[in-house]
Amino acid sequence: MASPQSTQFAVAVHVLTYLAGSGAGPSSPHPRTVGATELAASTQVTPVHVRRVLAPLREAGILASTPGARGGWRLLVEPERITLDAVWRLVRGDEPVLAIHLPSPRCPVGRSIQDGLHDVDAAVARATEATLAETTVADLVPA
């Protein structure tokens with residue numbers, strides 16, 4: 001069975017949900033910051049990977065981070081306002097949804113297949129984003 005191209009989206013959603021459910025949100029009376037080590041333990045990736053995945057969310061103003069030994073991450077946006085399609089676009093960027101190979105230009109199929117596959121990839125991306133737009137981070141926080 002093929003493995004996914006990237007787990008960055010899943011890690012980002014996991015962390016956002018973790019923060020939303022652990023008192024690190026903007027409406028918490030005393031918002032706390034959650035360190036990358038704690039987030040890494042929850043997601044089973046390295047703290048460096050957590051920071052790398054979260055960087056685009058910080059740049060977009062969804063998260064804030066504080067460096068240092070007592071630093072960490074916290075939400076700046078209410079979980080109800082963070083839709084998964086926004087997270088998808090921030091984390092994935094222009095990366096294709098499908099793993100499209102680079103065929104031989106000498107092959108008659110290979111010379112023409114790329115355009116068709118890119119069209120299919122664009123349709124899959126639109127459908128994925130439409131589905132993800134129906135869910136917010138708040139929807140995923142355990143009750």
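Residues numbered from 1 in each chain as written. Predicted model: local features only at pLDDT ≥ 70, side-chain atom pairs only at ≥ 80, totals over all residues. Heavy atoms only, no water.

*Asks:* So what's going on with helix α1 (residues 8-21)? Which residues, and what values?
*Replies:* Here α1 is 14 residues long and its end C-alpha atoms lie 20 Å apart, about the 20 Å a rise of 1.5 Å per residue gives. The complete set of buried residues in α1 reads Phe 9, Val 11, Ala 12, Val 13, Val 15, Leu 16, Thr 17 and Leu 19. Backbone geometry just after α1 places Gly 23 at a positive phi near 80 degrees. (Helix = DSSP H or I, 4+ residues; strand = E, 2+ residues; numbered from the N terminus. Expected span 1.5 Å × (residues − 1). Buried < 20%, exposed > 50% of the residue type's maximum accessible area, 1.4 Å probe, protein only.)

*Asks:* An account of the nonpolar core is needed here, citing residue identities and associated values.
*Replies:* In terms of nonpolar packing, the biggest core is built from 28 residues, with Leu 16, Leu 19, Leu 54, Leu 63 and Val 87 touching the most fellow members. Among the elements that line this core, the one with the most residues is α1, at seven residues. If we skip the residues at most four places from it in the chain, Leu 19 touches Ala 24, Gly 25, Val 34, Leu 39, Leu 63, Trp 73, Arg 74 and Leu 75. (Core = buried A, V, L, I, M, F, W, Y, C linked by side-chain atoms within 4.5 Å. Contact = heavy atoms within 4.5 Å.)

*Asks:* Give me the lowdown on the pairing of strand β2 (residues 72-75), citing residues and values where you can.
*Replies:* Pairing geometry for strand β1 (residues 63-66) and β2, over four bridges, is antiparallel. Paired with Ser 65 across the strands is Trp 73, a residue of β2. Between β1 and β2, which follow one another and run antiparallel, lie five residues, and Gly 68 among them has a positive phi close to 105 degrees. (Pairing = 2+ DSSP bridges.)

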